[in-house]
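Results of the structural survey
Residues per chain are reported as follows:
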Amino acid sequence: MASTNGPGALQDSALKEEIQSFFDSAPPLRNKNGRATSIVCVTSGGTTVPLEQRCVRYIDNFSSGHRGAASTEYFIKAGYAVIFLYRRGTCQPYCGSLPDDPFLECFEFTDDAHIRAREPHSEAVKRAIGDHRVAVEKGLLLKLPFTTIFEYLQMLQMIATSVGSLGPRVMFYLAAAVSDFYVPWKSMAEHKIQSGSGPLDMRLAQVPKMLAALRKEWAPSAFCISFKLETDTEILLEKADMALKMYGMHAVVANELLTRKEEVVVVTSDEKVRVNRDKADPSNDVEDPLVKLLVDKHRAHIADSS
Ligand code: 9Z3
């Protein structure tokens, strides 16, 4: 006989209401300085689409992860706690000024068998380690890796349904490059596809429109920013507008592949704001003004919601 006491859907509607009213009236979570914590989930890097269950081959979406990693640093600077959902092996926060293989290039053994940072990297290493440690120790950076489209969307759903209840203080900044097509697990070959039988015919299914679920079901009060990437500037803004309306995003950041480090356009229902990198210094990036603009819009969203 099925137990009515065990875990599962709450049957008792009075209890459901009591729980809801407890959370509705609870003071917002605060950080150590007594400020209510705003949380942003930054997604970064491209998802893979495996072609075999024991995966030897996969389709990949391009993204170096620079946008997500740099934006994470600016959000932390602006007082946010960041959940950094990133593709394994892509750029990491605080590592932007280090060489590609920092472990091998930045360190050396001393005569007494200690490890020290080598010049000219020691200042950059010190800053990266220090800033990263402070962010983690203050509870402002949680890093979660994904590889496949399956992992990415399951983790995004898990994050959204857990932090969604915190309401308008939560932001989603979806910079990851997410596949539109995939091979459903059940119809995927288990073993490596053999090349002996000629050309490969494969039908890819469309990935369901998860942005709509995020916005409407998983975290309905959160502030949601998605990104639109195109290689043809003629269709970019029109496509960004379509995404804004179709998924009910609060803003869509439109970018073109070749100029994405110099300029983006933030598309909202009432304006299109061009955001450019400040060229005065080569170390400036476009994520700095972009995050500032979105933080302002997020503050307005929080004020409107209360
Ligand atoms: C972006 O458009 C990002 O800005 C980039 C950043 C991936 C271009 P990098 O990582 O580049 O700094 O090298 N991300 C979203 C790309 C995407 O797949 N968007 C989908 C689409 O355009 C909607 S979710 O259809």
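Just so you know, these numbers come straight off a predicted model, no measurement behind them.

1. Quick look at the overall build of the protein chain
Helix and strand counts for the protein chain stand at eight helices and 14 strands. When the backbone C-alpha atoms are referred to their principal axes, the protein chain occupies close to 70 × 65 × 50 Å. Across the 306 residues of the protein chain, 29% fall into the buried class. The long-range fraction of contacts in the protein chain, counting pairs at least 24 apart against all pairs at least 6 apart in sequence, stands at 66%.

2. Description of the site of the ligand
Within the structure, the ligand sits among 15 residues, and Ser64, His66, Arg67, Phe227 and Leu229 are positioned closest to it. Breaking the shell around the ligand down by element, the ones donating at least two residues are α2 (66-77) and β11 (223-230). Element by element, the count of residues in the shell around the ligand is highest for β11, at four residues. Its residues assigned to classes, the shell around the ligand shows six nonpolar, six polar and three charged.

3. Let's talk about the packing of helix α5 (residues 149-163) against helix α6 (residues 210-218)
Contact geometry for α5 and α6: axes closest at 10 Å, N-to-C directions at 15°. By the angle between their axes, α5 is roughly parallel relative to α6. Crossing hand, α5 versus α6: right-handed. Each of Leu153, Gln157, Ala160 and Thr161 in α5 lies in contact with α6, whose residues at this interface are Met210, Leu214 and Trp218. Here the residues of the contact of α5 with α6 are counted per class, giving five nonpolar, two polar and no charged.

4. Let's talk about the confidence of the model for the protein chain
Confidence in the prediction for the protein chain averages 93 pLDDT; 97% of positions are at 70 or higher. Under the prediction, the complex receives an ipTM of 0.96, its pTM being 0.91.

5. Thoughts on the sheet that holds strand β1 (residues 39-44)
Taken together, eight strands build an open sheet; the order of strands is β7-β4-β1-β8-β11-β12-β13-β14 and the sheet is mixed. Because the sheet does not close on itself, it has two edges, and the strands there are β7 (141-146) and β14 (272-276). Recorded for the sheet is a direction-independent mean angle of 20° between the axes of neighbouring strands. Summarising the sheet, strand β4 (residues 81-87) and β7 pair through six bridges and their orientation is parallel.

6. Observations concerning the UniProt feature "domain: DNA/pantothenate metabolism flavoprotein C-terminal" (unreviewed entry) in the protein chain
Per the UniProt entry, the sites bearing "domain: DNA/pantothenate metabolism flavoprotein C-terminal" (unreviewed entry) are residues 161-275 in this numbering. As annotated, residues 161-275 has a helix share of 23% and a strand share of 28%, and its two end C-alpha atoms lie 31 Å apart.

7. Topic: the nonpolar core
Judged by nonpolar contacts, the single largest core of 60 residues is most densely connected at Val40, Val82, Phe172, Ile225 and Val253. No other element matches α5, which puts seven residues into this core.

8. Some thoughts on α6
Those residues of α6 that sit buried are Leu211, Leu214 and Arg215. Take α6 and look down its axis: the buried residues cluster within an arc of 85°, on one side only. Residues Lys216 and Glu217 are exposed on α6 and point more than 90 degrees away from its buried face. Elements that come into contact with the buried residues of α6 comprise α5, β8 (170-174), β11 and α7 (233-247).

Calculation criteria
- Residues numbered from 1 in each chain as written.
- Predicted model: local features only at pLDDT ≥ 70, side-chain atom pairs only at ≥ 80, totals over all residues.
- Helix = DSSP H or I, 4+ residues; strand = E, 2+ residues; numbered from the N terminus.
- Buried ≥ 20, exposed ≤ 12 C-beta atoms within 10 Å, placed from the backbone.
- Contact = placed C-beta atoms within 7 Å.
- Near = placed C-beta within 6 Å.
- Nonpolar A, V, L, I, M, F, W, Y, C, P; charged D, E, K, R; others polar.
- Axes fitted to C-alpha atoms, helices over the stretch in contact; angles between N-to-C directions.
- Parallel < 35°, antiparallel > 145°, perpendicular 65-115°, else oblique.
- Left-handed = near helix turned anticlockwise from the far one by under 90°.
- pLDDT = per-residue confidence, 0-100.
- Pairing = 2+ DSSP bridges.
- UniProt positions renumbered as here; feature names shortened; annotations may be inferred.
- Core = buried A, V, L, I, M, F, W, Y, C linked by C-beta atoms within 7 Å.
- Arc of directions from axis to C-beta.

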